[in-house]
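# Architecture at a glance
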Amino acid sequence: MKTKMGTAILAAGISLFAGAYSVTAGPLSDRITAGQPIRIGFSNVPIYAFPDDKGQPKGFVNDVALGILKDMGLTNFETTVTDWGGLIPGLQANRYDIITGGMYILGSRCKNVAFSEPIAKTGDAFLVPAGNPKGIHNYKDILQKNAAFVTYSGANLIEAAKKEGVSDDQITQVPGPSEVLAAVKSGRADAGGMTYFEVKAMADGSNGEFEATNPADLPDWTQNWVGIGFRTEDADFLAKFNEALKKYVGTPRMIEAVKPYGLSEVNLPGPTTTQWACSNR
């Protein structure tokens, strides 16, 4: 038989437990508990993340992210497409819960984004006119030939170019991949820097007008790992997401999902952790 005192103690215990949970649970967990959709933001970046003709999220990062969420029993989401440079500010401003735009895990980004464990490894390349008339294969070529280089705002290639000595006045920043293509096509830039998959997709679809440089011509330290971005306040949800990620990445189901985008087992992240990437990239 419960006494009034026992009931009071039990109620107090439940209250303390609920209070502790509300402290540890982040805003994304609270949204899910309230039945609200997970808000996913991404930029229109070929291969990595883009909307199809019906506005549905496509691209290998979106497919992986949604596959992991599905394994967690989460299918209620909404998506927003924005400029690349608006992804991290949008995440910080609580407009998105997750950003999936094929973002590399970089030390400079780790200050503002809580990344998942890596889902893929890839590199960069340059889009150049057919025949590569100026012989641009790497950042040293851009520097030595005083070439004009274009990439999009917030891209890792800006940091990489400057690290190799390329000056600010040689670098043009534009909103996204389509503007990079336009700049090279018009002659305003001699080379456009993007991820290898973006460059290859553009070169393959150009009817021979452009070509992609070999990503192996860039320094080894420009190889990067792709992660999915969360707010730091959502550490509780991220921990659960990473558990599901470990069971998904590298499986035949994942490889089959990303195959249409040109990825294979060679692009798996291997043993590299987010902690290492944040400290070394």
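Just so it is clear, the model here is predicted, and its values are computed rather than measured.

### Considerations on the state of the cysteines
Here the structure, examined in full by the defined rule, presents one disulfide. Across the disulfide, C110 is cross-linked to C278 (sulfur-sulfur distance 2.0 Å). As the torsion about the S-S bond is roughly -80 degrees, the C110-C278 disulfide counts as left-handed. Taken together, the residues span a long stretch of sequence, with C110 in helix α5 (residues 107-110) and C278 in helix α12 (residues 274-280) at a distance of 168 residues.

### Considering the environment of P133
Structurally, P133 is set in the loop between β8 (124-129) and α6 (139-144). Among the residues examined, P133 registers a relative accessible area of 65% and is labelled exposed. In the structure, P133 is positioned 57 residues away from D190 in sequence and 9.2 Å away in space, judged by C-alpha atoms.

### Notes on helix α3 (residues 60-71)
For α3, built from twelve residues, the straight-helix expectation of 16 Å at 1.5 Å per residue is met to within 8% by its first-to-last C-alpha distance of 16 Å. Burial analysis of α3 places nine of its twelve residues in the buried class, the great majority of the element. Within α3, the full set of buried residues consists of F60, V61, N62, V64, A65, L66, G67, I68 and L69. In the stretch just after α3, G73 is the one whose phi turns positive, near 85 degrees.

### Here's the deal with the confidence of the model for the protein chain
In this model, the protein chain carries an average pLDDT of 90, and 91% of its residues clear a pLDDT of 70 or more. Below a pLDDT of 50 lies the segment residues 1-23, which in the model reaches three contacts outside its immediate sequence neighbourhood of four places, other chains included.

### Thoughts on the side chain of D234
When you line up the elements, D234 lands in the loop between β13 (224-230) and α10 (235-248). Beyond its immediate stretch of four places on either side in the chain, D234 contacts G26, P27, L28, S29 and D97.

So, how was this worked out
- Residues numbered from 1 in each chain as written.
- Predicted model: local features only at pLDDT ≥ 70, side-chain atom pairs only at ≥ 80, totals over all residues.
- Heavy atoms only, no water.
- Disulfide = S-S within 2.5 Å.
- Helix = DSSP H or I, 4+ residues; strand = E, 2+ residues; numbered from the N terminus.
- Buried < 20%, exposed > 50% of the residue type's maximum accessible area, 1.4 Å probe, protein only.
- Expected span 1.5 Å × (residues − 1).
- pLDDT = per-residue confidence, 0-100.
- Contact = heavy atoms within 4.5 Å.

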